[in-house]
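# Descriptive structure summary
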Amino acid sequence: MSGAASFLALAGRRIAASLLLLVGASFLIYFTIRSAPGDAVDAITPMGTPPEIKEKLAAEFGLDQGVLGGYGVWLSRSATGDFGESLVFAPGQTVMEVAGPAFEKTLLLSGGALFATVVLSILLALFLGEPSARQQGLTGALYFITSAPGFVSAVVFSAAVNAGVQRFVEQAGHETPAWYPIPIYSDSIVPYFFAGFVLVMGDGLLMDTFNAVRAEILGVRGAQFIAAVRARGASVTPHLWLNLAIPIFSAFVSRLPVVLGGVVIVEYVFTLDGAGYLLLEASKQRDFPVVVGLSVLFTLAVIVVGLLSDVARSVIDQREVARDG
Amino acid sequence: MTVKWSDLGLRLSGAVVVAVMVVGLVALVIPYDPADAVSYDTLLNPPSAAHWLGTDGQGRDVLMRLVKGTEAFFLPGLMGGLIAVVLGGLAGAYTGYAAGPLRSALVGLLQLVDTLPRLVFIILLCTIRNPSIPLIAVVAGLLFVPTVATVVRRKVEALASEDYILAHIAHGFTPARILLHHILWLQCWPLLVRQAAFVFGYVLFVETGLSYLGDYGVQEPDPSWGNMVAQVKDLAGAGAWPWLAPAVAIVVTIASFLAFGNLVARKGEEALR
Amino acid sequence: MTAPLLSIEDLIIEFDTQQGRRRVVDGVSFSVGQGEVLGILGESGSGKTLSTLSILGLVPGRPGVVSGHIRAHTDAGEVDFLAELPSVVAGGTAERAYQKDDRRWQRIVQRTMKPYWGQFATAVFQNPKQSLDPLMTIGRQLDESVALANPSLDRAAVRARSVDWLRRVQLHAPERVAASYAHELSGGMCQRAMIAVALAREPRLLIADEPTTGLDTTVRAEIVGLFKALLRDRRRAMLYISHDIREVLFLADRVIVMRHGKVLEETSADDLRHGRGRRHPYTASLLEAADLPVGEAA
């Protein structure tokens, strides 16, 4: 098989596998919905919902049929992006209308935070080099600080920022910024940077990524072929980049689910209207279609990113193609 | 003087782990009536002899609430860790050893569960069923089964061709005994310890997170480290102890459990080599 | 008599281990003439690899002491590699002690040795599949060497020369090999490719460190034969390190025998082949083990 043809075949297989994953994961979600005790419709709607709406919901979610049949009904609607309408949060609007823009914001925030984490990890790994007794104090301290769950970091951080801003405003008589005091809903972009910072520094993300990145860098640097390259006076840089591209990209991709988990609470603390905040608000208000729609979107995001990374990896690493082809 | 950092870390984190365990057990038995603790004479007192960590916005002793707050995550955390490690270990051993359609199905199922973003799924679950903390912990443990299974599977695959395993087979041990006793128990215990500690930390994170958010998790007036941290919104800078103390407790506990798990695992792996 | 291409004098390498300082290379001296093949015969742990890796500055780990001279006759004139490496010990003695951690040692060595790598010497190691970049085609790695040796050539000419080199190392369908990756080739093919990459750099000295280890028996003989053919024109010298006395006898002009970090004997390969002259008992035992005539034992 020529290179291009085997690549397309591989991509096709991966896409098929991803679709299968999506179907399976969405089934798990649907199954959970159906597992609600008592009458499913009552469980998923807020008190005081008029009966017509309950009926409509039951139809949309296939609640009158068996689990598999109902899943089919629900899947065929959801596959087109139709998750129904928001019940409470933004009545009248479809779930996609509400969730779409929010999700964009969340992806940007998560992607940005993850990118910053990977860059920081690389810099830290290059700076620290091999693990040694001397660095353990520094790495230990970093572990401790960054293992804090996102909401704790967010709370402590915003309290500190609030206190600092308050003092700053009182002493120097400056204007209070639009986003003060945290949390307060504002259009400013500054809270996004705060959120990004907290995401990087919480949930153990930084040190976990750092460990993985450092192991990869040292592994490649110490490889025999790198010594061979050096020994013939050639530059090791292109070889290093080529061999590190996949592992670092994998480090990025494999941690997206973790960041998506952390972003939910962080968005809430900083009142950023992203998908995480939306998920929590809709959950509080029992706006069920929104919650389900967002769950599927989050899962889809993880699957799509995984697929893209798989395909990108196959482009660079021909060994994958050979193994599966 | 070279400080053996790993030993120091082991001792420090181990001390915290033991302390949390003790406090957790103690919390289960000592009585506490949250309504009783409210006292309008002692609102937001700083630490004193009577109240070592001060009092909160309703005059309740912070230290007592801190101790009682471990109830919410202690047993659930252990449970979640146990579920993840037992089921994950068995699944990993099976998928590492067997071949055939059942194995493929199991691998597929594990991959499915692994794809779900954990916190998002938990919030979905909360919206539908409003579950108790123990149920959430069970679900969290289940969500970690694929992670544990993958780690164990790799180890089993690596060990399966080792000479001494082949010798065991020649001696007539059944595959089940070799897998369960020799590989899983004797060789994989460091991995499992590390994973169990991680899941415990995750359950703590989920419980305190949900309690912080307010609608799920532990509701006021029952104490949870999460809803104690949530008081920061009401206090608005009037006092730090009531929310800072539980925040520090959360960070110290999670960090210590993770570090302890890692260090014990590393020592175990070195010993096994 | 022309000056030797490379001469190692009183090389001592010690490592700081948990059990204390271990001397791994203990006062080794030998030289290689222009276009000559020197065989270094010894078992594992004899210090043969380290002595020769030190020429390329590829000594791994953290040496406690490196002393002696490694004199090379390079394009830039006579150079003593060890003298070039700066003294890092305060109060500088004749010994250059590198008590610092690995990274600094590596950086110092790299900075010092860089001008000589490739141009003076290149190396072929054992485990050929590990010596090639798994993510680059063979052709691209060859192009690297060719381009460095011939900076004036354009890309097409470089690629043509790479393919030519693959042909010279007796690889079938050289264009296809050039487009392949290391994992697609057998061990023998990889080693041939590796030899091509090393020689395409056109060094004055080729260091081969147990190049046949890990290869099948028949392939081993082919690789040894390949070396013989490629070096027939005597344009480059070779240091051939091996524990296999037959390979060394087949390829080398002169042979040194090493054990426990010392050179036990230095002789011409001819004398060894024909059992002439007095033999060190260790050499005699190696010859006996290989069913070769021993001659007089010392």
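Residues numbered from 1 in each chain as written. Chains lettered and ligands numbered in written order. Predicted model: local features only at pLDDT ≥ 70, side-chain atom pairs only at ≥ 80, totals over all residues.

Helix and strand content of chain B: 13 helices and 0 strands. When its helices and strands are written in sequence order, chain B yields α-α-α-α-α-α-α-α-α-α-α-α-α. Overall, chain B is about 75 × 55 × 30 Å in size when its C-alpha atoms are taken along their principal axes. (Helix = DSSP H or I, 4+ residues; strand = E, 2+ residues; numbered from the N terminus.)

Here we take up the overall build of chain C. Regarding its fold elements, chain C presents 12 helices and 13 strands. Every one of the 298 residues in chain C was classed for burial, and the buried ones make up 42%. (Buried ≥ 20, exposed ≤ 12 C-beta atoms within 10 Å, placed from the backbone.)

All names here are of chain C. We note that the domain assignment places domain 1 (6-120 + 205-297) and domain 2 (136-202) within chain C. The partner domain 2 presents 11 residues to the 10 residues of domain 1 that form the contact. Grouping the amino acids of the side of domain 1 that touches domain 2 by side-chain chemistry returns 7 nonpolar, 2 polar and 1 charged. (Domains from an automatic or database assignment. Contact = placed C-beta atoms within 7 Å. Nonpolar A, V, L, I, M, F, W, Y, C, P; charged D, E, K, R; others polar.)

The next point concerns the interface of chain C and chain A. Taken together, the contact between chain C and chain A spans 28 residues of the former and 20 residues of the latter. When contributions to the side of chain C that touches chain A are tallied by element, the ones reaching two or more residues are helix H3 (102-113), strand S7 (121-124), helix H4 (128-131), helix H5 (138-149) and helix H8 (187-200) of chain C. At 3 residues, H5 of chain C tops the list of elements feeding residues into the side of chain C that touches chain A. For the side of chain C that touches chain A, the per-class residue count stands at 13 nonpolar, 8 polar and 7 charged.

Before going further, it helps to spend a moment on the interface of chain A and chain B. At the interface, 46 residues of chain A touch 35 residues of chain B. Counting only elements with at least two residues in the side of chain A that touches chain B, the list comes to helix H1 (3-34), helix H2 (40-44), helix H6 (136-146), helix H7 (150-172), helix H12 (256-269), helix H13 (275-284) and helix H14 (288-316) of chain A. Looking at the side of chain A that touches chain B, its residues break down into 32 nonpolar, 12 polar and 2 charged.

On to the pairing of strand S8 (residues 205-209) of chain C. All names here are of chain C. Most of S8 sits out of view: 5 of its 5 residues are buried. Of the two faces of S8, the one lined by Leu-205, Ile-207 and Asp-209 and the one lined by Leu-206 and Ala-208 are each fully buried. Pairing between S7 and S8: 4 bridges, direction parallel. Each residue of the ladder has a partner; that of Thr-122, found in S8, is Leu-206. (Pairing = 2+ DSSP bridges.)

By secondary structure assignment, the location of Asn-243 of chain A is in helix H11 (residues 237-254). With 24 C-beta atoms packed within 10 Å, Asn-243 of chain A lands in the buried category. Considered as a pair, Asn-243 of chain A and Ile-316 of chain A are 73 residues apart in the sequence and their alpha carbons are 8.9 Å apart. Those residues in contact with Asn-243 of chain A that lie beyond four places of it in its chain are Val-220 of chain A together with Leu-135 of chain C.

Our focus in this paragraph is the arrangement of the chains. The top pair by number of contacts, from a total of 2 pairs of chains in contact, is chains A and B. Nowhere do chain B and chain C come into contact; their C-alpha atoms are at least 15 Å apart.

On to the pairing of strand S3 (residues 37-41) of chain C. Residue and element names in this part refer to chain C. The element S3 is largely enclosed, with a buried count of 5 among its 5 residues. Residues Val-37, Gly-39 and Leu-41 of S3 are buried on one face, and the alternating residues Leu-38 and Ile-40, pointing to the opposite face, are buried as well. Across 5 bridges, the pairing between S3 and strand S9 (residues 237-242) is parallel. Bridging across to S9, Leu-38 finds its partner in Leu-239. Summarising the sheet, S3 and strand S10 (residues 254-259) pair through 4 bridges and their orientation is parallel.

All names here are of chain B. The terminal C-alpha atoms of helix H10 (residues 189-213), which comprises 25 residues, lie 36 Å apart, in line with the 36 Å expected from a rise of 1.5 Å per residue. Extensive coverage of H10 is indicated by the burial of 24 of its 25 residues. Two residues or fewer after H10 comes Gly-214, characterised by a positive phi angle close to 110°. (Expected span 1.5 Å × (residues − 1).)

What follows deals with the sheet that holds S7 of chain C. One key point about sheets: their strands pair by backbone hydrogen bonds, in either a parallel or an antiparallel sense. All names here are of chain C. Strand order in the open sheet formed by 6 strands is S7-S8-S9-S3-S10-S11, with mixed pairing between adjacent strands. Here the strands that pair on one side only, and so sit at the sheet edges, are S7 and strand S11 (262-268). Going across the sheet, the axis of each strand differs from the next one's by a mean of 20°, ignoring polarity. On top of the sheet, H8 reaches S7 and S8; it is set at about 175° to S7, its chief contact. (Axes fitted to C-alpha atoms, helices over the stretch in contact; angles between N-to-C directions.)

We now examine the nonpolar core. By size, the foremost hydrophobic cluster in this structure holds 154 residues, and its most contacted members are Ala-99, Val-155, Leu-278 and Leu-279 of chain A together with Ile-122, Ala-140 and Val-229 of chain B. The leading source of residues in this core is H10 of chain B, at 16 residues. Apart from the residues lying within four places of it in its own chain, the contact partners of Leu-279 of chain A are Val-264, Val-291 and Leu-294 of chain A together with Val-120 and Ile-123 of chain B. By size, the runner-up hydrophobic cluster in this structure holds 84 residues, among which are Val-32, Ala-196, Met-238 and Met-258 of chain C. (Core = buried A, V, L, I, M, F, W, Y, C linked by C-beta atoms within 7 Å.)

Quick look at the packing of helix H9 (residues 205-221) of chain A against H11 of chain A now. All names here are of chain A. With their axes 10 Å apart at the nearest point, H9 and H11 run at an angle of 160° to one another. As summarised for this structure, H9 and H11 are arranged roughly antiparallel, according to the angle between their axes. Between H9 and H11 lies a crossing whose hand is right-handed. Only Leu-240, Asn-243, Leu-244, Pro-247, Ile-248 and Ala-251 of H11 make contact with H9, whose side of the interface consists of Thr-209, Ala-212, Val-213, Glu-216, Ile-217 and Val-220. Its residues assigned to classes, the contact of H9 with H11 shows 9 nonpolar, 2 polar and 1 charged. (Parallel < 35°, antiparallel > 145°, perpendicular 65-115°, else oblique. Left-handed = near helix turned anticlockwise from the far one by under 90°.)

With omega at 5°, the peptide bond leading from Glu-220 of chain B into Pro-221 of chain B counts as cis. Tracing the backbone shows Pro-221 of chain B in the loop between H10 and helix H11 (225-229). The backbone of Arg-234 of chain C shows a phi angle near 55°, a positive value even though the residue is not glycine. With respect to the helices and strands, Arg-234 of chain C occurs in the loop between helix H9 (217-230) and S9.

Here the focus is the confidence of the model for chain C. Overall, the prediction assigns chain C a mean pLDDT of 83, with 87% of residues at 70 or greater. Per the prediction output, this complex has pTM 0.81; the corresponding ipTM is 0.86. (pLDDT = per-residue confidence, 0-100.)

Note: α-helices contain 3.6 residues per turn, so residues at a spacing of three or four share the same orientation. Residue and element names in this part refer to chain C. Between the first and last C-alpha of H9 there are 20 Å, a value that for 14 residues agrees with the 20 Å anticipated at 1.5 Å per step. Three or more residues of H9 are buried, namely Ile-223, Val-224 and Phe-227. Projected down its long axis, H9 carries its buried residues within an arc of 95°, all on one side. H9 presents Thr-218, Lys-228 and Ala-229 as exposed residues on the side facing more than 90 degrees away from its buried surface. Looking at the packing, one finds that the buried side of H9 touches H8, S8 and helix H10 (245-251). (Arc of directions from axis to C-beta.)

Residue and element names in this part refer to chain A. The N-to-C vectors of H13 and H14 enclose an angle of 150°; their axes lie 9 Å apart at closest approach. Crossing of H13 over H14 shows left-handed handedness. Of the residues in H14, those in contact with Ala-275, Leu-278, Leu-279, Ala-282 and Ser-283 of H13 are Val-290, Val-291, Leu-294 and Leu-297. Here the residues of the contact of H13 with H14 are counted per class, giving 8 nonpolar, 1 polar and no charged.

Let us now look at the environment of Val-22 of chain B. Along the chain, Val-22 of chain B turns up in helix H1 (residues 5-29). Expressed as a C-alpha distance, the spacing of Val-22 of chain B and Ala-271 of chain B, which sit 249 residues apart in the sequence, is 28 Å.

On to the environment of Met-201 of chain A. Residues and elements named next belong to chain A. Inspection of the secondary structure puts Met-201 in helix H8 (residues 190-201). Classification of Met-201 by C-beta neighbours within 10 Å gives buried; the count is 22. Along the primary structure Met-201 and Ala-148 are separated by 53 residues, whereas in three dimensions their C-alpha atoms are 8.0 Å apart. Other than its neighbours up to four places away in sequence, Met-201 contacts Ile-145, Thr-146, Ser-153 and Leu-206.

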